[in-house]
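Architecture at a glance
Each chain, letter by letter, is given below.
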Amino acid sequence: MAVEPHTGGILDKEFPYVAKSDVEGRLVCILDARSETRHMELIIQPSRVVPKHEIHELVMTDDPVAAPRRVFEPRTIDRVAFVCFFLVTRGGLLLVGDTVEIDGSVVGQVAGFDLTHAPNHMNILVYTTGERRTGLDLGLALDQRITFSGPNASM
């Protein structure tokens, strides 16, 4: 029987990720909606691979339950703002805790991943300590660059 390494106690570290490359993309759709009852289910895995040419959705929350952490457990997030869809131009590994920048401005940290719409796309939840904002609120534009950087990114 397969055991999930992040919950099965089979790894000698909670977070084995030492260094990784940045993941990059370009915005292909700007969103402007909010929900107080979205019920996004964050999976327990702290990482997801995103190959070049895939499209995924970015969703922002200020819900403290979504704050990035290294104790992996499923979490349900209700308070969200929909930000954008982006095309992956440089694939790689996304990690909970990665810093998310759009056009050079930090918008938050990856809180987790919701697979409601998979295999069509993945919802990447971003936690902010500020106000949760939609893509329109952020003044985003098509083709802006999005970057996900983590521990020792680009080493």
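To start, this report covers the structure provided alongside it. Remember, it's a predicted structure, so these values are computed and weren't measured experimentally. (Residues numbered from 1 in each chain as written. Predicted model: local features only at pLDDT ≥ 70, side-chain atom pairs only at ≥ 80, totals over all residues. Heavy atoms only, no water.)

**Description of the overall build of the chain**
Within the chain, the secondary structure is distributed over zero helices and 11 strands. For the chain, the share of sequence-separated contacts (at least 6 apart) that also reach a separation of at least 24 residues comes to 81%. With the model as given, the accessible surface of the chain reaches about 7,700 Å², and the carbon-plus-sulfur share is 52%. (Helix = DSSP H or I, 4+ residues; strand = E, 2+ residues; numbered from the N terminus. Contact = heavy atoms within 4.5 Å. Areas by Shrake-Rupley, 256 points an atom, 1.4 Å probe, with all protein chains shown as cover.)

**Some thoughts on the environment of Thr128**
With respect to the element layout, Thr128 can be found in the loop between strand 10 (123–127) and strand 11 (145–149). Judged by relative accessible area, which is 12%, Thr128 ranks as buried. Among residues more than four places away in sequence, those in contact with Thr128 are Met60, Thr61, Asp62 and Val107. A polar side-chain atom of Thr128 sits 3.0 Å from the main-chain amide nitrogen of Gly130. (Buried < 20%, exposed > 50% of the residue type's maximum accessible area, 1.4 Å probe, protein only. Polar contact = N/O pair within 3.5 Å; in protein donor to acceptor, adjacent residues only side chain to side chain.)

**Looking at the pattern of salt bridges**
Here the structure, examined in full by the defined rule, presents eight salt bridges. Here Glu24 makes a salt bridge to Arg90, at a shortest N to O gap of 3.9 Å. Within this pair, whereas Glu24 is found in strand 1 (residues 23–35), its partner Arg90 is found in strand 6 (residues 80–90), the two being separated by 66 residues in sequence. Residue Arg90 is classed as partly exposed on the basis of its relative accessible area, which comes to 34%. Among the salt bridges present, the one from Asp62 reaches Arg132, with a minimum N-O distance of 3.6 Å. Placement of the pair is Asp62 in the loop between strand 4 (55–61) and strand 5 (75–77) and Arg132 in the loop between strand 10 and strand 11, with a sequence separation of 70 residues. (Salt bridge = Lys/Arg side-chain N within 4 Å of Asp/Glu carboxyl O.)

**Some remarks on the packing of aromatic side chains**
Across all of its chains, the model carries one aromatic pair by this definition. A ring pair is formed by Phe86 and Phe148, whose centres lie 5.4 Å apart and whose planes are at 40°; its orientation type is tilted. Note that Phe86 is positioned in strand 6 and Phe148 in strand 11, a separation of 62 residues in sequence. Among the residues examined, Phe86 registers a relative accessible area of 0% and is labelled buried. (Phe/Tyr/Trp six-rings, centres within 6.5 Å; stacked < 30°, edge-to-face > 60°.)

**Side note on the nonpolar core**
Most often, soluble globular proteins have nonpolar side chains that are buried together. Grouped together as the largest cluster of nonpolar side chains are 23 residues, with contacts concentrated most on Leu58, Val100, Ile102, Phe113, Ile124, Ile146 and Phe148. Of the residues forming this core, the biggest block, four residues, is contributed by strand 6. Ignoring any residue separated from it by four or fewer positions in sequence, one finds Ile124 in contact with His56, Glu57, Leu58, Val59, Phe86, Leu94, Val110, Gly112, Phe113 and Phe148. By size, the runner-up hydrophobic cluster in this structure holds 12 residues, among which are Leu31, Met40, Val59 and Ala111. (Core = buried A, V, L, I, M, F, W, Y, C linked by side-chain atoms within 4.5 Å.)

**Comments concerning the side chain of Asp114**
With respect to the helices, strands and loops of the structure, Asp114 is situated in strand 9 (residues 105–114). Despite being buried, Asp114 has no salt bridge partner; Arg38 is the closest side chain of opposite charge, sitting 4.2 Å away. Within the structure, Asp114 has its side chain in polar contact with the side chain of Thr116 (distance 2.6 Å). Here Asp114 is in contact with Arg38, Met40, Glu41, Leu42, Met122 and Asn123, once residues within four sequence places are set aside. (Lys, Arg positive; Asp, Glu negative; His and termini not counted.)

**Notes on the environment of Phe148**
With a relative accessible area of 0%, Phe148 lands in the buried category. In the structure, Phe148 is positioned 56 residues away from Gly92 in sequence and 9.6 Å away in space, judged by C-alpha atoms. Residues within four places of Phe148 in sequence aside, it is in contact with Lys20, Asp22, Val23, Leu58, Phe86, Leu94, Asp98, Thr99, Val100, Val110 and Ile124.

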